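Each chain is listed here by its residues.
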Amino acid sequence: MIRTLFIGLDGATFTLLDVLTQPASDGEIVMPFLRSFIAGGTRAVLRSTPNPLTPPAWVSLMTGRWPGQHGVFDFLRVAEQNGEGFTTLYDARDIRVETIWAIASRQQQRVAALNFPITAPPRPVNGFLLPGFVPWKHLRRNSYPESLYERLKALDGFNPKELAWDFERENQSLDDLSETECEAWVGYHLPREEQWFRVARHLLASEQPDLMAVMFDGTDKIQHQAWRFLESALVSSDPSPWERRMRALCLRYFRQLDQYLEQLVALAGPKAQVFMASDHGFTHSTEVVRINRYLYEKGYLYWKSSDGSEQFTRREASAFFTHLDWKKTLAYCHTPSSNGITIRIARHPGEPGIAAADYPAFRARLIGDLETLCDPHSGERIIRAIRTREEAFPGPAMHQAPDLLLTLRDFGFVSIKNLEPVVLPRPYPVGTHHPEGIFLAAGPGIVAGQRGEPCDIVDVAATLLYSLGLEIPEDLEGRTPEAFFTAEQRVAHPIRQGAPTLPVADGTRQAVEASAAEKAKIIEQLHMLGYME
Amino acid sequence: MLRVEFSIITLIEDLIRDWEITLDEPITLETRLVADLGFSSIDIVHTVVAIEEHFGRGRLGFEELLMHGDQYVSDLTVGELVAFVERKLS
Ligand SMILES: [Zn+2]
């Protein structure tokens, strides 16, 4: 029986959904089902992770832990190799703590988790797992069980190429596309969501898992590229025919999404509790902030001059790479999505970086320099908040996080390119992540027509486990928001705290490689836990 | 260690099973991932994970193989993969 249906909506925000669930000037309501769903349940703002970014935020949602505990900070993981930065992707092996899929599975709950990031390579579950952000060529081997993929292939209309993540395509910027290509880019997300919807519908109907969870991420993708056609304040009052078509296409996406939500909720049945949440919200960014350029101007960072190779030129043009002189650079930003600054510490004499003893003073000076980056006209700080990693990412994984986390005044992502000037107005506003997402609940035992107090993204895991009738592991950082549930529900099913989560093999295995001294310590801990001979 | 060679060739054969490519000859140690099998960089990332998963020894530090100096290698033979994994497992 389906007890709990969870629908993830990447980047969903009340800023937009409150408009799409109200009658427009022509009287149309784009998302009529969502309107009635919200009216019949409880809604709350959901505060995202310190860096409101898709991978760390979904992993916090899936684990009930903040990034300093779970260990995922970004899309890209950068390791230093012979004094150079080697870049690869974060994956499920980086998650240091149990996910709700694992917690529910080991308590005999059947689960299905579809399209969540950082769930590949898949870890065994009592049910089904089809990861998100995996290209179609690798989807079969990353499905759990692997037979799931063959089973889906037999479904009418199943097309892995439409369903899966297209790395090349997703990274395209609309700036480089023609008007027709722009429309095609937005249009590409419609059949993609249809594919995920069909997989979800199939597993819901045929398997009836206790916990059914599916994530739709077209919301995030479309909002990134087409936010100016969506946010009411930005929509042109005198649109060109192309702008009109772009807006119509975006609205078609949300209309279609509303129908998926309606059908999934109907299929789950009247006895299921339904939750929807986003990993972060959305807003618009109006300026480019070239943070590495600023660090260069302040003497913290040195560029490498071109070696004339084709690879150098290609990477120079990419938004995701930065050519640094690794022998001299002391502080730099790895990736735009990190909004973070890494300080290099020399572990041995002669290595590049500052001496460990100088770290506090160096970091304080760096923070001071970042605070002085101001708007020349208004004097307003460009970086509204600067958090140290002890503040933003406390926990055992903290040393893998950037040393500083920046929040720009417009919530934009920094640019790491070597271009002038440091701060530049954008030609038009672009969508960017906002720290406040959404949390919705409805169904038996949930208070109707209520606006709840803001929740934290780590609360979702606790809420879903409670909905399944399970104890909340005492080491979860999130809490079940009691006020979402009716008095009768809370009396009949009190919120119970239980034993802590179980250690995860990968997290420790990775740590084992860290150093011999740490290795000995971890083996000792594993002995105590009875995991090793 | 013929076992590693067999495992990696079998793994790559399975990986590309539904990639809709036709190979003129079977995969050998000389097969190049990019030139012969059409791998993109994201395919290499996933293949590395698949190999690490297969051998169950955690991360093997593939950056040593994939980066020469400050440059990412532009192609890789199956034989280079096999030799790297054998060295790391021994
Ligand atoms: Zn997201």
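Residues numbered from 1 in each chain as written. Chains lettered and ligands numbered in written order. Predicted model: local features only at pLDDT ≥ 70, side-chain atom pairs only at ≥ 80, totals over all residues. Heavy atoms only, no water.

A. Quick look at the overall build of chain A. In terms of helices and strands, chain A carries 20 helices and 19 strands. Its C-alpha radius of gyration of 23 Å places chain A within 12% of the 24 Å reference for a compact globule of 533 residues. With the C-alpha coordinates aligned to their principal axes, the bounding extent of chain A is approximately 70 × 65 × 45 Å. Here chain A, with 533 residues, has 56% of them falling under the buried criterion. Counting contacts in chain A only where the partners sit at least 6 residues apart, residues at least 24 apart contribute 70% of the total. Roughly 21,900 Å² of accessible area belongs to chain A as shown, and the carbon and sulfur atoms make up 52% of that amount. Averaged over its 55 positive side-chain charges, chain A has a centre that lies 2 Å from the centre of its 66 negative ones. (Helix = DSSP H or I, 4+ residues; strand = E, 2+ residues; numbered from the N terminus. Rg over C-alpha atoms; globule rule 2.2 N^0.38 Å. Buried < 20%, exposed > 50% of the residue type's maximum accessible area, 1.4 Å probe, protein only. Contact = heavy atoms within 4.5 Å. Areas by Shrake-Rupley, 256 points an atom, 1.4 Å probe, with all protein chains shown as cover. Lys, Arg positive; Asp, Glu negative; His and termini not counted. Charge placed at Lys NZ, Arg CZ, Asp CG, Glu CD.)

B. Expanded view of unusual backbone geometry. All names here are of chain A. The residue after Ala120, namely Pro121, is reached through a cis peptide bond having omega -10°. Inspection of the secondary structure assignment puts Pro121 in the loop between strand 5 (111–114) and strand 6 (127–130). Residue Tyr144 is joined to Pro145 through a cis peptide bond whose omega torsion reads -15°. Considering the arrangement of structural elements, one finds Pro145 in the loop between strand 6 and helix 6 (146–153). Unusually for a residue other than glycine, Gln208 sits at a positive phi of about 45°. Examined against the element boundaries, Gln208 turns out to sit in the loop between helix 10 (189–207) and strand 7 (211–216).

C. Seen up close, the packing of aromatic side chains. Residues and elements named next belong to chain A. Evaluated as defined, the whole model comprises 21 aromatic pairs over all chains. Centre to centre, the rings of Tyr253 and Phe254 are 5.2 Å apart; their planes meet at 90°, and the pair counts as edge-to-face. When the centroid spacing of 6.1 Å and the interplanar angle of 50° are considered together, the rings of Tyr296 and Trp303 count as tilted. Judged by relative accessible area, which is 34%, Tyr296 ranks as partly exposed. (Phe/Tyr/Trp six-rings, centres within 6.5 Å; stacked < 30°, edge-to-face > 60°.)

D. Examining the coordination of the zinc ion more closely. Residues and elements named next belong to chain A. Coordination sphere of the zinc ion, protein contribution only: Asp10 (OD), Thr54 (OG1), Asp279 (OD) and His280 (NE2), at 1.9 to 2.1 Å. Of note, the zinc ion draws all its donor residues from one chain, in the sequence arrangement D-x43-T-x224-D-H. Here the residue Asp10 occupies a position in the loop between strand 1 (4–9) and helix 1 (14–20), and Asp279 occupies one in the loop between strand 8 (273–277) and strand 9 (281–289), the gap between them amounting to 269 residues. What makes Asp10 buried here is its relative accessible area of 1%. (Donors = N, O, S within 2.8 Å, 3.2 Å for Na, K, Ca; no water.)

E. Structural detail: the packing of helix 10 of chain A against helix 12 (residues 241–268) of chain A. Residues and elements named next belong to chain A. As a packed pair, helix 10 and helix 12 sit with axes 10 Å apart at the nearest point and diverge in direction by 0°. Classified by the angle their axes make, helix 10 and helix 12 are roughly parallel. The segment helix 10 lies against helix 12, with His189, Leu190, Glu193, Glu194, Phe197, Ala200, Arg201, Leu204 and Ala205 engaging Leu249, Arg252, Tyr253, Gln256, Tyr260, Gln263, Leu264, Leu267 and Ala268. Class assignment for the residues of the contact of helix 10 with helix 12 results in eleven nonpolar, three polar and four charged. (Axes fitted to C-alpha atoms, helices over the stretch in contact; angles between N-to-C directions. Parallel < 35°, antiparallel > 145°, perpendicular 65-115°, else oblique. Nonpolar A, V, L, I, M, F, W, Y, C, P; charged D, E, K, R; others polar.)

F. Region of the structure containing the interface of chain B and chain A. With 29 residues of chain B in contact, the opposing surface of chain A contributes 38 residues. For the pair chain B and chain A, the summed buried surface comes to about 3,100 Å²; carbon and sulfur atoms form 45% of the total. For Asp43 of chain B, the salt bridge identified is with Lys137 of chain A, shortest N-O distance 3.7 Å. Run the count over chain B and chain A and you get ten residue pairs in polar contact (both at pLDDT 80 or more). Here the side of chain B that touches chain A gets nine residues from one element, more than from any other, and that element is helix 3 (residues 41–55) of chain B. Classifying every residue of the side of chain B that touches chain A gives ten nonpolar, seven polar and twelve charged. (Buried area = accessible area lost by both parts, 1.4 Å probe. Salt bridge = Lys/Arg side-chain N within 4 Å of Asp/Glu carboxyl O. Polar contact = N/O pair within 3.5 Å; in protein donor to acceptor, adjacent residues only side chain to side chain.)

G. Molecular detail of the nonpolar core. All names here are of chain A. Of all hydrophobic cores here, the largest spans 68 residues; its most connected members are Phe216 and Met276. It is helix 12 that contributes the most residues to this core, 13 residues altogether. Excluding residues within four positions of it along the chain, Met276 makes contact with Phe6, Ile7, Leu9, Phe33, Leu34, Phe37, Leu261, Val265, Ile438, Phe439 and Leu440. Counting 54 residues, the second-largest nonpolar core is a separate cluster that includes Val72, Leu129, Phe133 and Phe393. (Core = buried A, V, L, I, M, F, W, Y, C linked by side-chain atoms within 4.5 Å.)

H. How the structure looks around the domain arrangement of chain A. Residue and element names in this part refer to chain A. Its domain assignment divides chain A into domain 1 (4–275 + 449–528) and domain 2 (288–425). Here the C-alpha centroids of domain 1 and domain 2 sit 29 Å apart. Contact with domain 1, which involves 23 residues of that partner, is made by 24 residues of domain 2. Contact between domain 1 and domain 2 buries roughly 1,800 Å² in total, counting both sides, with carbon and sulfur atoms accounting for 55%. Applying the counting criterion to the domain 1 and domain 2 interface returns zero salt bridges. Taken together, domain 1 and domain 2 are joined by six residue pairs in polar contact (both at pLDDT 80 or more). Breaking the side of domain 1 that touches domain 2 down by element, the ones donating at least two residues are helix 4 (67–70), strand 3 (76–81) and strand 4 (84–89). Its residues assigned to classes, the side of domain 1 that touches domain 2 comprises nine nonpolar, ten polar and four charged. (Domains from an automatic or database assignment.)

I. Seen up close, the side chain of Asn51 of chain A. Residue and element names in this part refer to chain A. Turning to its location among the elements, Asn51 is positioned in the loop between strand 2 (42–47) and helix 3 (54–63). The exposure class assigned to Asn51 is buried, which follows from its relative accessible area of 5%. Of note is the side chain of Asn51, whose polar atom sits 2.9 Å from the backbone oxygen of Ser337. Excluding anything up to four places from it in sequence, Asn51 contacts Pro56, Phe73, Ser337, Ser338, Asn339, Leu405 and Phe413.

J. How the structure looks around the packing of helix 11 (residues 218–226) of chain A against helix 12 of chain A. Residues and elements named next belong to chain A. One way to put it is that helix 11 packs onto helix 12 with a least axis distance of 11 Å and a crossing angle of 165°. It follows from the interaxial angle that helix 11 and helix 12 lie roughly antiparallel. When the axes of helix 11 and helix 12 are compared, the crossing they make is left-handed. Every residue of helix 12 that contacts helix 11 at Gly218, Thr219, Ile222, Gln223 and Ala226 is listed here: Cys250, Tyr253, Phe254 and Leu257. (Left-handed = near helix turned anticlockwise from the far one by under 90°.)

K. Summary view of the pairing of strand 11 (residues 340–343) of chain A. All names here are of chain A. Taking every second residue as pointing to the same face, both faces of strand 11 are buried, with Gly340 and Thr342 on one and Ile341 and Ile343 on the other. The sheet contact formed by strand 10 (residues 331–332) and strand 11 spans two bridges and is antiparallel. Bridging from a neighbouring strand, Ala331 pairs with Ile343 of strand 11. Sheet topology places strand 11 next to strand 13 (residues 404–408); two bridges connect them, and they run antiparallel. Residue Ile341 lies in a different strand from strand 13, and its bridge partner there is Leu404. (Pairing = 2+ DSSP bridges.)

L. Spatial organisation of the environment of Pro394 of chain A. Residue and element names in this part refer to chain A. Inspection of the secondary structure assignment puts Pro394 in the loop between helix 16 (389–392) and strand 13. Here the alpha-carbon distance between Pro394 and Tyr359, two residues 35 residues apart in the chain, equals 18 Å. Leave out the neighbours within four places in its chain, and Pro394 touches Gly68, Gln69 and Arg389.

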